[in-house]
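A structural walkthrough
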Amino acid sequence: YLYKRWEPYQGTAYYFELALDIAYQYADVIEIKSLLFELAQVYTLKGNYEQAIKHYERVQDLADSLKDTLSMAMAQRLIGDIYVKQAKYDIANVYYYAALTYAKSARDSIERSNVVTALGKYYLAQKHYPLAIRFFKRSLDIEIDQRNQSQMATARENLGLAFFATDSIRQAREEFDEALT
């Protein structure tokens, strides 16, 4: 009997779906939102982008009803990331700029930096190096303002990669060196 009960086992997503059912039973909107994010990440990692986007859209619906602009920003950014993985840059652009608007509205510098970094990577993937560098510098400025050392190092690493892609080896090396200090 137990074996038949566990036949639909599908790995991590299965357990998150079970937890989500419980969260809905208790109407725990914070847990529902968290589990939807987690499920979307699982589906993203598995390459099931359709399911991932579906779950991020459910986060958006919930966040919209709660006037949670931070979660809206995160969901928009993560959907944009999926579209970049699929090389659907025009669609990703729409999501990233919407995410930036929501992050500014939420007044959350961490998410704003995340979106600006994602935009830098978006432009880097398309070989629009001057725009990539501009966004990576904006990300670095945000992290300097926040005095977030680890994220400053990441921003410098991203800048180094962008400079390296433009054959600006000296500037790339300077950014990589700064990232390590």
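In short, a report on the structure.

**What about the packing of aromatic side chains?**
- One pass over the structure, following the stated rule, counts seven aromatic pairs.
- For the pair Tyr-96 and Tyr-122, a centre-to-centre distance of 5.8 Å together with 75 degrees between the ring planes defines the contact as edge-to-face. You can see Tyr-96 sitting in helix H6 (residues 89–106) and its partner Tyr-122 sitting in helix H7 (residues 109–125), a full 26 residues away along the chain. The pair Tyr-96 / Tyr-122 is uniform in exposure class, with both members buried.
- Where Tyr-122 meets Tyr-123, the ring centres are 4.7 Å apart and the plane angle is 70 degrees; that geometry is what we call edge-to-face.
- The class for Tyr-122 is buried, based on a relative accessible area of 4%.
- With a relative accessible area of 9%, Tyr-123 lands in the buried category.
- Aromatic ring contacts, followed pair by pair, group Tyr-89, Tyr-96, Tyr-122, Tyr-123 and Phe-135 into a single cluster.

**Describing the packing of helix H2 (residues 12–25) against helix H3 (residues 29–46)**
- Orientation of H2 relative to H3, taken along the N-to-C sense of each, is 165 degrees, at an axis distance of 9 Å. Considered as vectors, H2 and H3 are oriented roughly antiparallel to each other. For the pair H2 and H3, the sense of crossing is left-handed. Along the contact surface, H2 presents Thr-12, Ala-13, Phe-16, Glu-17, Ala-19, Leu-20, Ala-23 and Tyr-24, while H3 presents Glu-31, Ile-32, Leu-35, Leu-36, Glu-38, Leu-39, Val-42, Tyr-43 and Lys-46.
- Tallied by class, residues from the contact of H2 with H3 come to twelve nonpolar, one polar and four charged.

**Thoughts on H3**
- For H3, with 18 residues, the first-to-last C-alpha span of 25 Å sits near the 26 Å given by 1.5 Å per residue.
- Among all positions of H3, only Ile-32, Lys-33, Leu-35, Leu-36, Phe-37, Leu-39, Ala-40, Val-42, Tyr-43 and Thr-44 are buried.
- Considering only its buried residues, H3 is in contact with H2, helix H4 (49–66) and helix H5 (69–85).
- Trailing H3 by a residue or two, Gly-47 shows a phi angle of about 80 degrees, which is positive.

Reading guide: rules and limits
Residues numbered from 1 in each chain as written. Predicted model: local features only at pLDDT ≥ 70, side-chain atom pairs only at ≥ 80, totals over all residues. Heavy atoms only, no water. Phe/Tyr/Trp six-rings, centres within 6.5 Å; stacked < 30°, edge-to-face > 60°. Helix = DSSP H or I, 4+ residues; strand = E, 2+ residues; numbered from the N terminus. Buried < 20%, exposed > 50% of the residue type's maximum accessible area, 1.4 Å probe, protein only. Axes fitted to C-alpha atoms, helices over the stretch in contact; angles between N-to-C directions. Parallel < 35°, antiparallel > 145°, perpendicular 65-115°, else oblique. Left-handed = near helix turned anticlockwise from the far one by under 90°. Contact = heavy atoms within 4.5 Å. Nonpolar A, V, L, I, M, F, W, Y, C, P; charged D, E, K, R; others polar. Expected span 1.5 Å × (residues − 1).

Coordinates in, geometry out; function isn't part of it.
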